[in-house]
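Close look at the chain arrangement
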Amino acid sequence: MTTLSTDPTLELRNRIHTRQARIGIVGMGYVGLPLALLFAEQRFRVTGFDTDHSKVDILNRGESYIVRIPATEIQLARENAFTATSDPAQIANMDVVIICVPTPLNSHHEPDLSYVTGTLTNIAPYLHQGHLIILESTTFPGTTEEIAVPLLERLNPLGLRAVKDDATPGFFVAFSPEREDPGNDTVARRDIPKVIGGYGSTATALAAAVYRTIFDRTVQVSSPAAAEMTKLLENIYRCVNIALVNELKQLCLRMDIDLFEVIEAAKTKPFGFQAFYPGPGLGGHCIPIDPFYLSWKAKEFDFNTRFIELAGEVNQAMPYFVVDNIADSLDQYGKTLRGSRVLILGVAYKRDIDDLRESPSLTIIELLQKRGALVEYNDPFFPRVGQGRKYALNMTSTPLDRIPEFDCVVIVTDHSQYNYASIVANAQLVVDTRNATRGLSASNIRRC
């Protein structure tokens, strides 16, 4: 356990300032690992916690399991005292613990906080005076104050309380939403402003001091609930606007209007417009999930988030729209969907990343299989797709030189590695859900 002076707040501030604070990050995924590397760059001693022993072993060998994070970054971090472990007892040696675990939806589209509560339960036995616990996992407003704080207070064996705005000895709690954007190479991680809402002003200040060491700008808000709502607003904004263009895409197809041309024209307006683009459905760890977190919480206040729920319905329906278009396109070639061989290009949820979370490709594959199609896939980032929380495909990537064998090739994820002119030239039929074949005018292309 870290030894603290009689003023743990001042001691923690000093340890942060001098880079002596021990930083523990729970969850070595697409959020936690990049965060750990940022702290390691600033010479903090960082420990990554994960229940997946294979990830721990890979990191401790100086290797990487995320495509956009090269092994050289892991190796450099290890030179700066980064290590990984599956032992929760090491929490006792940390000054700051940051939680970056999944917050998915259950089968009823309700929040599943089991990863968060499980992590808090594992942390509680090792809490010590002056500990700073920060939750980054996206969740509904009230999670930090209504779930995290009571759970930590009830389960820690020392009887410590979360410090709010008094001098009572205890631990500190804050919420700071992650803002990772996998595959985005245009904005450096440290240039993304960090929003922070603490359980009391002292916790806010301490969390800001921690993040100020790795981010160029911190934004402090009045409470954890305000920070939690900030994250939801950011992603609901995107969800609603994507739903708008997804609905417009369906209308434009009927009207024989190129929506992508319309969007590019609208982008020329220098104010009041931001471009969003249609696709085969929503993927990733935020946009398909976050709106349902808020709509679920809103029911506690007898409030129906009709606008948000409608956007969710539109976006959830897109994979079904794609499958119907595949069937219609095959019909124009005198073929039925049942029994046809269909190749899906791209299973990652967006271009040039190795992330399957909530990918619409997985839904499309399962829908096609249910309708009797013989489905295979190709993705340069996934040589194999096994079993996940919501799918059990157990498939291997099919080489592109077999494209002529398929009745239909469906572009679901527009990876930059694909040569679309070659794909179109060798395919019997191409259904393009991403406008990846723009500029090509072959008769075998169907855009949807």
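One structure accompanies this document, and this report is about it. (Residues numbered from 1 in each chain as written. Predicted model: local features only at pLDDT ≥ 70, side-chain atom pairs only at ≥ 80, totals over all residues. Heavy atoms only, no water.)

Observations concerning the nonpolar core
Judged by nonpolar contacts, the single largest core of 49 residues is most densely connected at Ile123 and Leu152. When residues no more than four places from it in sequence are discounted, the contact partners of Ile123 are Ile91, Val97, Ile99, Ile133 and Leu152. Leu59, Ile74, Ala77 and Ile196 belong to the second-largest nonpolar core, a separate cluster that totals 43 residues. (Core = buried A, V, L, I, M, F, W, Y, C linked by side-chain atoms within 4.5 Å. Buried < 20%, exposed > 50% of the residue type's maximum accessible area, 1.4 Å probe, protein only. Contact = heavy atoms within 4.5 Å.)

Some words on the side chain of Thr143
Residue placement: Thr143 occurs in helix H6 (residues 143–155). Among the polar contacts listed, one links the side chain of Thr143 to the backbone oxygen of Phe140, at a separation of 2.8 Å. Beyond its immediate sequence surroundings of up to four residues, Thr143 is in contact with Leu113, Leu135, Ala148 and Glu228. (Helix = DSSP H or I, 4+ residues; strand = E, 2+ residues; numbered from the N terminus. Polar contact = N/O pair within 3.5 Å; in protein donor to acceptor, adjacent residues only side chain to side chain.)

Some points on unusual backbone geometry
Positive phi, close to 60°, is recorded for Asp256, a residue that is not glycine. Residue placement: Asp256 occurs in the loop between helix H8 (224–255) and helix H9 (259–266). A relative accessible area of 73% places Asp256 in the exposed class.

Quick word on empty space enclosed by the protein
Evaluation of the coordinates by the stated rule reveals 1 cavity of 30 Å³ or more. If you add up the space inside the largest cavity, you get close to 120 Å³. If you go around the largest cavity, the residues you meet are Val31, Pro34, Leu35, Leu38, Glu136, Glu178, Arg179, Glu180, Arg189, Ile192, Lys194 and Phe215. Broken down by element, the residue count for the lining of the largest cavity peaks at 3 residues, all from helix H2 (residues 32–41). (1 Å grid on protein atoms, 1.4 Å probe; cavity = no way out; pocket = protein on both sides within 12 Å on 5 of 7 lines; lining within 4 Å. Points joined across faces, edges and corners; volume = space filled by probe spheres on them.)

Observations concerning the packing of aromatic side chains
Per the counting criterion, the structure on display carries 7 aromatic pairs. Pairing Phe140 with Trp296 gives two aromatic rings, centres 5.0 Å apart and planes at 45°, and the pair type is tilted. Of this pair, Phe140 sits in the loop between strand S5 (132–135) and H6 while Trp296 sits in helix H10 (residues 290–298); the two residues are 156 residues apart in sequence, bridging distant segments of the chain. The class for Trp296 is partly exposed, based on a relative accessible area of 35%. For the pair Tyr211 and Phe215, a centre-to-centre distance of 6.1 Å together with 50° between the ring planes defines the contact as tilted. For Tyr211, a relative accessible area of 0% corresponds to the buried category. Taking the relative accessible area as the measure of exposure, Phe215 reaches 8% and is therefore buried. (Phe/Tyr/Trp six-rings, centres within 6.5 Å; stacked < 30°, edge-to-face > 60°.)

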